[in-house]
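A look at the structure
Read off the chains here:
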Amino acid sequence: MANGAWAEIREKFQAALALSRVELHKNPEKEPYKSKYGARVLLEEVRALLGPAPEDEDEEDRPQAEDDVGAGYSAPGLLAELVAVEGPVAQGTVRLAVIEFHLGLNHLDTEELSAGEEHLMKCLPNNLGILWSEREEIETAQAYLDSSEALYLRYMKEIGSPPLDPTEHFLPEEEKLTEQERSKRFEKVYTHNLYYLAQIYQHKEVFEKAAHYCHSTLKRQLEHNAYHPIEWAINAATLSQFYINKQCFMEARHCLSAANVIFGQTGKNPTTEDTTETEGDVPELYHQRKGEIARCWIKYCLTLMQNAQQSMQDNIGELDLDKQSELRALRKKELDEEESVRKKAVQFGTGELCDAISAVEEKVSYLRPLDFEEARGLFLVGQHYVSEAKEFFQIDGYVTDHIEVVQDHSALFKVLAFFETDMERRCKMHKRRIAMLEPLIVDLNPQYYLLVNRQIQFEIAQAYYDMMDLKVAIADKLRDPDSHIVKKINNLNKSAMKYYQLFLDSLRDPNKVFPEHIGEDVLRPAMLAKFRVARLYGKIITSDPQKELENLATSLEHYKFIVDYCEKHPEAAQEIEVELELSKEMVSLLPTKMERFRTKMALT
């Protein structure tokens, strides 16, 4: 090719690249794709100057992907092209492929997907995978992305050194990239491939593989210093939720600690080629992401504490000392295995970054708490992040998010109370829960927030119910409880009943009629509310025999409702097996007790 023609091709290609990089908002408002269309014209001119493609090999000789997915490229042939571009025919083929690649991206940028696909079919599978994933054609996208991953792994095994960057085929020898820059760009493409595979598996609900690819993507982004701190941190924090659900608390803590450290880099890192604007310029996004990471930490602390509670509680929800002793014996084994578990886990960062992440990890345990002091340590971490989350997620503007944070705060107090042995202090913890939840009811419109309203009503009722049980237990230890304690118990009883009744009333239809068939989503809480109201009526302390008889009759009525409902709807029985058995027992015993009470009243 003549020097003049080659110089023209290079000049047009570089001009096309420059136009392609122009941000959309810098184009005229009525012509948002003006720069893209300009780039396309130049790319098409370059393609024309390069001349027609060499004759295609026989289709029969071309290896085909299964079900024609990936037809149009050959992985073995492509591997050779990536390395051996000697001779005019090979160079011409690769240069045309580069132009097709950029034309494909250009059409994708202007939302012309079919045309983009047509160009990309002549290039690498990676971008086809991305195209099909954005079209939500998941199986097709996965086939291309899997093929791209296999090609990368095979290339690195057989060749090792990075191939030429597509743009280098239009650069003179003296302007070509350094080996380091070439490697950086090549690895970035593969990282992008892993990122989209993570999305694919997330969409397919294959969460184990999604987490694997997500973790690999994050790790590679750190290794190649190709990340935005805010985006990286929120992805790491989100990944922690997968590990929390799998009860892999060491891995979850590592992700969250890394999220904290990387998030702290926001605004401190120099602008990279990937960055369109400094993240520090968007304070609202910064504070929102900070709040979201805080919420992930809250879930970590809460789930770890709840997991410990479930492992140590007896059949009535109290601390089982034998189970606690068994878990203490297992603790040494857990600590002995820590190093081997850590070695198997994928760690983020090296050197100073690794040290910074470890420093955050050391402040929070990953082991299930076995006593109050250990639980309190996790509680305080969780409570710190509650304050952090509430700074952004305020009731004004973020109603649902704010309520969820407050509910998590209440849940932290609730699970901490399980570890507390002093009953008065446990009462105070439940009182704190009520103090933070009751104001929410005042602010919420039940018409628009019916489900949230029900949740809070039930939770407040439960807190009053637990407080009443504790006060009764305290009173039982006294020889002669005074009137103040009796009044306190009755007031707590009344408050619990009020909120359980509010919850049950919310199930009524517009004519105030209670449903004959309770929906699955509220069946268990509705039956529990009925059961607890029945029990609460039986716990009212009164010196008036007639009043006590009325309370027993009301209690019987609620127990009977549960028994009758489960007879009519057998599927409900499995939701409340324990409560149903107790209700049947009370339906059998209470009439006799009431009859004896009437006889006693008649005699006196």
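Above: the structure in question.
Residues numbered from 1 in each chain as written. Predicted model: local features only at pLDDT ≥ 70, side-chain atom pairs only at ≥ 80, totals over all residues. Heavy atoms only, no water.

1. Here we look at the overall build of the protein chain
- The number of helices and strands found in the protein chain is 22 helices and 0 strands.
- Within the structure as shown, the protein chain displays about 32,700 Å² of accessible surface, and the carbon and sulfur contribution to it stands at 50%. (Helix = DSSP H or I, 4+ residues; strand = E, 2+ residues; numbered from the N terminus. Areas by Shrake-Rupley, 256 points an atom, 1.4 Å probe, with all protein chains shown as cover.)

2. A word on the packing of helix α17 (residues 423–443) against helix α18 (residues 450–476)
- It is at 9 Å that the axes of α17 and α18 come closest, and there the two elements cross at 155°. Taken together, the axes of α17 and α18 lie roughly antiparallel to each other. In terms of crossing hand, the pair formed by α17 and α18 is left-handed.
- Classifying every residue of the contact of α17 with α18 by side-chain character gives 14 nonpolar, 3 polar and 8 charged. (Axes fitted to C-alpha atoms, helices over the stretch in contact; angles between N-to-C directions. Parallel < 35°, antiparallel > 145°, perpendicular 65-115°, else oblique. Left-handed = near helix turned anticlockwise from the far one by under 90°. Nonpolar A, V, L, I, M, F, W, Y, C, P; charged D, E, K, R; others polar.)

3. Some thoughts on a negative patch on the surface
- A surface patch of negative charge is lined by Glu520, Asp521, Glu571 and Glu575.
- Within the secondary structure, Glu575 is located in the loop between α21 (545–568) and α22 (577–603).
- Since its relative accessible area comes to 34%, Glu575 is described here as partly exposed. (Patch = residues over 30% accessible without salt bridge, like charges linked within 9 Å, V, L, I, M, F, W, Y side chains within 5 Å. Salt bridge = Lys/Arg side-chain N within 4 Å of Asp/Glu carboxyl O. Lys, Arg positive; Asp, Glu negative; His and termini not counted. Charge placed at Lys NZ, Arg CZ, Asp CG, Glu CD. Buried < 20%, exposed > 50% of the residue type's maximum accessible area, 1.4 Å probe, protein only.)

4. Section: the pattern of salt bridges
- Scanning all chains against the criterion turns up 21 salt bridges.
- Across the pair Asp371 and Arg328 runs a salt bridge, and its minimum N-O distance is 3.6 Å. One end of the pair, Asp371, is in the loop between α14 (351–361) and α15 (372–392); the other, Arg328, is in helix α13 (residues 321–344), with 43 residues separating them in the sequence.
- Residue Glu420 is joined to Arg425 by a salt bridge in which the shortest nitrogen-to-oxygen separation is 3.3 Å.
- By relative accessible area, Glu420 is classed as buried at 6%.
- We classify Arg425 as partly exposed; its relative accessible area is 41%.
- Each of Arg295, Asp401 and Glu404 takes part in salt bridges that share partners, so that together they form one network.

5. Re the nonpolar core
- In terms of nonpolar packing, the biggest core is built from 134 residues, with Trp232, Tyr300 and Ile456 touching the most fellow members.
- Leaving out residues up to four positions away in the same chain, Trp232 has contacts with Leu218, Gln221, Leu222, Tyr227, Ala258, Ala259, Ile262 and Phe348.
- Among the nonpolar cores identified, the runner-up in size contains 16 residues, and Trp6, Phe13, Val94 and Phe170 belong to it. (Core = buried A, V, L, I, M, F, W, Y, C linked by side-chain atoms within 4.5 Å. Contact = heavy atoms within 4.5 Å.)

6. Topic: the packing of aromatic side chains
- Scanning all chains against the criterion turns up 20 aromatic pairs.
- Centroid distance Phe392 to Tyr398: 4.8 Å. Interplanar angle 45°. Geometry classified as tilted.
- Owing to a relative accessible area of 13%, Phe392 belongs among the buried residues under this scheme.
- Between Phe393 and Tyr398 the ring centres are 5.6 Å apart and the planes differ by 85°, which places this aromatic pair in the edge-to-face class.
- The buried category is assigned to Phe393, whose relative accessible area is 3%.
- Residue Tyr398 is classed as partly exposed on the basis of its relative accessible area of 24%.
- Grouping aromatic residues by their ring pairs yields a cluster made of Phe249, Trp297, Tyr300 and Tyr385.
- Here Lys530 stacks its cationic end above the ring of Phe514, 5.2 Å away from the centre of that ring.
- It is Lys530 that lies over the ring of Phe561; its NZ or CZ is 4.5 Å from the centre. (Phe/Tyr/Trp six-rings, centres within 6.5 Å; stacked < 30°, edge-to-face > 60°. Lys NZ or Arg CZ within 6 Å of the ring centre and 35° of its normal.)

7. Here's the deal with unusual backbone geometry
- Residue Glu111 is not a glycine yet carries a positive backbone phi of 65°.
- Residue Glu111 is classed as exposed on the basis of its relative accessible area, which comes to 61%.

8. Section: α14
- Every buried residue of α14 is listed here: Leu353, Ile357, Val360 and Glu361. Buried residues in α14, looked at end-on, bunch into an arc of 105°, giving them a common side. Facing away from the buried side of α14, by more than 90 degrees, are the exposed residues Glu352 and Asp355. (Arc of directions from axis to C-beta.)

9. Points about the environment of Trp232
- By the secondary structure assignment, Trp232 is in helix α10 (residues 229–245).
- Spatially, the C-alpha atoms of Trp232 and Thr217 are 9.8 Å apart, while their sequence positions differ by 15 residues.

10. Structural notes on the packing of α18 against helix α19 (residues 483–505)
- Two numbers describe how α18 lies on α19: the axes approach to 8 Å, and their chain directions differ by 160°. For the element pair α18 / α19, the angle class is roughly antiparallel. Considering how the two elements wind past one another, α18 and α19 form a crossing that is left-handed.
- Considered class by class, the residues forming the contact of α18 with α19 number 17 nonpolar, 4 polar and 3 charged.

11. Let's talk about helix α8 (residues 179–203)
- Its 25 residues give α8 an end-to-end C-alpha distance of 37 Å, which sits within 8% of 36 Å, the value for a rise of 1.5 Å per residue.
- When we look at burial in α8, the residues that qualify are Arg182, Phe186, Glu187, Tyr190, Thr191, Asn193, Leu194, Tyr196, Leu197, Ala198, Ile200 and Tyr201.
- Phi turns positive, to about 65°, at Glu205, one or two residues after α8. (Expected span 1.5 Å × (residues − 1).)

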